[in-house]
Amino acid sequence: MMGDETTASGTIAAVVSRAGGSIDGPESLVDATIPAPGDPTGHDLLVDVRAVSVNPVDVKRRAAGAAGQERVLGWDAAGTVVAVGDEVTLFQPGDEVFYAGSIDRPGSYARRQLVDERIVGRKPTTLDFAHAAALPLTSLTAWEALFDKLRFDAESTGSMLVLGAAGGVGSILIQFVKELTGVRVLASASRPESRQWVESLGADVILDHHAPDFEQQILDAAPVGVDYVFTAQSRGRIPLFTKVVRPFGQIVAIDDERDLDLFALKDKAISWHWEAMFARSRHNWDPIAQHRILESIAELIEAGRLRSTLTRTLSPVNAANLREAHRIIESGRAVGKIVVAQPD
């Protein structure tokens with residue numbers, strides 16, 4: 001179990017991954033004591049992590065790890081700033097923050113973490129740490145997909161098919177579309193609990209992507225084809241997209257499918273966009289844009305225009321609970337977001 005303080009010897013409690021493969025492997029996620037991060041420099045904040053959210057990227061990175069390589073995973077957190085680097089201007093010690101962080105640095109499955117202030121936002125005052133930790137990675141992904149890639153704004157109209165609508169990204173993306181644009185949402189969800197969830201988030205039409213008439217369901221809702229698609233489930237879907245997306249429509253994808261026949265989209269001049277939330281931090285491309293996005297999301301939450309997508313909390317932050325969260329994500333049946341949090 002991760003403790004409350006850095007020890008006198010300069011170590012901290014963490015959960016580490018020492019081997020890839022199955023989550024049931026003895027070294028997949030392990031309680032450990034590791035060296036504490038050094039003092040923050042430059043734009044870095046040192047954060048006392050209070051809650052972490054588990055995402056598919058955590059599962060993929062853990063499963064692909066090499067034996068003997070100790071790694072701290074985790075790319076969604078909320079906590080309190082305890083120290084700041086000499087170039088920090090946005091935060092000060094005592095500030096409560098939320099962030100996804102950088103995939104190229106140690107993650108948030110540790111009690112203390114260094115993170116660049118430019119990809120951090122202030123935690124919404126109306127949320128506790130657990131509800132806030134559910135938001136950063138998925139919110140940044142959905143925001144960039146809609147407003148950077150598809151160039152949505154308040155005047156945008158038309159229809160959008162959302163595949164994977166009950167997942168973490170889909171759950172916040174539906175809220176963005178309905179609250180901030182005039183676009184109609186066609187959400188795919190097959191199980192009763194996922195259909196109820198996406199309906200509660202504001203989806204206009206709910207479609208069953210497992211039904212044999214899925215294609216016809218889409219065309220019944222959008223007879224000339226949908227204007228936009230958001231997909232976290234692109235494998236095997238290109239033939240569907242050629243039939244249900246209108247000419248000059250647009251698709252934005254977040255999954256990792258490598259062998260897609262995108263040329264099949266050319267006949268209808270359908271545009272394909274990739275969204276990769278870590279691209280800004282990995283390539284130092286206007287990273288402060290993510291600070292601004294998180295600040296906007298905090299304001300929308302505080303105004304009651306968005307809600308957290310948290311659906312389940314496990315406590316405390318330890319290997320057993322993080323293993324359980326990984327199992328749920330791996331099952332493909334998660335609805336909304338799963339958070340592992342320290343006790344209040």
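Residues numbered from 1 in each chain as written. Predicted model: local features only at pLDDT ≥ 70, side-chain atom pairs only at ≥ 80, totals over all residues. Heavy atoms only, no water.

K.L.:
Help me understand the overall build of the chain in this model?
P.N.:
Scanning the chain from terminus to terminus reveals 10 helices and 15 strands. Taking the principal axes of its C-alpha atoms as reference, the chain extends roughly 65 × 45 × 35 Å. Contacts in the chain between residues far apart in sequence, at least 24 positions, make up 69% of those at least 6 positions apart. Carbon and sulfur atoms make up 49% of the accessible area of the chain, which amounts to about 14400 Å² in all. Taking the average place of the 35 positive charges on the side chains of the chain and the average place of its 46 negative ones, the gap between the two points comes to 4 Å. (Helix = DSSP H or I, 4+ residues; strand = E, 2+ residues; numbered from the N terminus. Contact = heavy atoms within 4.5 Å. Areas by Shrake-Rupley, 256 points an atom, 1.4 Å probe, with all protein chains shown as cover. Lys, Arg positive; Asp, Glu negative; His and termini not counted. Charge placed at Lys NZ, Arg CZ, Asp CG, Glu CD.)

K.L.:
Any chance you could explain helix 9 (residues 288-302) here in plain terms?
P.N.:
Given 3.6 residues to a turn, an α-helix orients residues that are three or four positions apart in the same direction. Along its 15 residues, helix 9 runs 21 Å from first to last C-alpha, staying within 8% of the 21 Å computed at 1.5 Å per residue. Here the buried face of helix 9 lies against strand 5 (96-99), strand 7 (120-122), helix 3 (136-149), helix 4 (168-180) and helix 8 (279-283). Following helix 9 by one or two positions, Gly-304 has its phi on the positive side, about 80°. (Expected span 1.5 Å × (residues − 1).)

K.L.:
Could you clarify how one ought to interpret the environment of Thr-157 in this entry?
P.N.:
On the secondary structure map, Thr-157 appears in the loop between helix 3 and strand 8 (159-163). Since its relative accessible area comes to 54%, Thr-157 is described here as exposed. Residues Thr-157 and Gly-182, 25 residues apart in the sequence, show an inter-C-alpha distance of 4.7 Å. Not counting the four nearest positions on each side in its chain, Thr-157 is found in contact with Gly-182, Val-183 and Tyr-228. (Buried < 20%, exposed > 50% of the residue type's maximum accessible area, 1.4 Å probe, protein only.)

K.L.:
Sorry if this is basic, but what is going on with the packing of aromatic side chains here?
P.N.:
To describe a pair of aromatic rings, you give the distance between the ring centres and the angle between the ring planes. Taken as a whole, this structure holds six aromatic pairs when the rule is applied. Seen from their ring centres, Trp-143 and Phe-147 are 4.7 Å apart, and the 55° between their planes marks the pair as tilted. Of this pair, Trp-143 and Phe-147 both sit in helix 3, four residues apart, roughly one helical turn. Exposure remark for Phe-147: the relative accessible area of 15% places this residue in the buried category. Seen in terms of ring centroids, Phe-152 and Tyr-228 are 4.7 Å apart; in terms of plane orientation they differ by 70°. Their pairing is edge-to-face. (Phe/Tyr/Trp six-rings, centres within 6.5 Å; stacked < 30°, edge-to-face > 60°.)

K.L.:
Help me understand the nonpolar core, please; the structure alone is not making it clear to me.
P.N.:
Tyr-109, Leu-146, Phe-152, Met-160, Phe-176, Val-198 and Leu-322 are the most contacted members of the largest nonpolar core, which totals 95 residues. When sequence neighbours within four positions are dropped, the list of residues in contact with Phe-176 reads Ser-139, Ala-142, Trp-143, Leu-146, Phe-147, Thr-181, Ile-297 and Leu-306. Counting 23 residues, the second-largest nonpolar core is a separate cluster that includes Leu-163, Val-226, Ile-238 and Trp-272. (Core = buried A, V, L, I, M, F, W, Y, C linked by side-chain atoms within 4.5 Å.)

K.L.:
Please explain the sheet that holds strand 12 (residues 245-253) as it appears in this structure.
P.N.:
Each strand in a sheet pairs with its neighbour through backbone hydrogen bonds, running either in the same direction (parallel) or in the opposite one (antiparallel). Here we have six strands laid out as an open sheet, ordered 10-9-8-11-12-13, and parallel in their pairing. The sheet terminates laterally at strand 10 (205-207) and strand 13 (271-274), the two strands that pair on one side only. The sheet shows a mean angle of 20° between the axes of neighbouring strands, direction not considered. Judged from the four bridges that link them, strand 12 and strand 13 form a sheet pairing that is parallel. Within strand 13, the position partnered with Val-252 by the bridge is His-273. Taken strand by strand, helix 3 contacts strand 8, strand 12 and strand 13, and its axis lies near 140° from that of strand 12. Strands strand 8, strand 9 (184-188) and strand 11 (226-231) of the sheet are contacted by helix 4, whose axis makes an angle of about 165° with strand 9. (Pairing = 2+ DSSP bridges. Axes fitted to C-alpha atoms, helices over the stretch in contact; angles between N-to-C directions.)

K.L.:
Just to check I follow, could you spell out helix 3 for this structure?
P.N.:
With 14 residues, helix 3 extends 18 Å between its outermost C-alpha atoms, agreeing within 8% with the 20 Å of an ideal straight helix rising 1.5 Å per residue. Burial analysis of helix 3 places 12 of its 14 residues in the buried class, which makes it a mostly covered element. If you check which residues of helix 3 are buried, you get Pro-136, Leu-137, Thr-138, Ser-139, Leu-140, Thr-141, Ala-142, Trp-143, Glu-144, Ala-145, Leu-146 and Phe-147. Two residues or fewer past helix 3, Arg-151 is found with a positive phi of approximately 60°.

K.L.:
Can you help me understand unusual backbone geometry in this one?
P.N.:
Glycine aside, the phi torsion of most residues is negative, and most peptide linkages are trans. A cis amide bond, omega 5°, links Ser-315 with the succeeding residue Pro-316. Mapping Pro-316 onto the fold places it in the loop between strand 14 (310-314) and helix 10 (319-331). Unusually for a residue other than glycine, Arg-151 sits at a positive phi of about 60°. Locating Arg-151 in the fold gives a position in the loop between helix 3 and strand 8. Classification of Arg-151 as exposed rests on a relative accessible area of 63%. Although it is not a glycine, Asn-284 sits at a positive phi angle of roughly 50°. Within the secondary structure, Asn-284 is located in the loop between helix 8 and helix 9. Using a relative accessible area of 53% as the deciding quantity, one classes Asn-284 as exposed.

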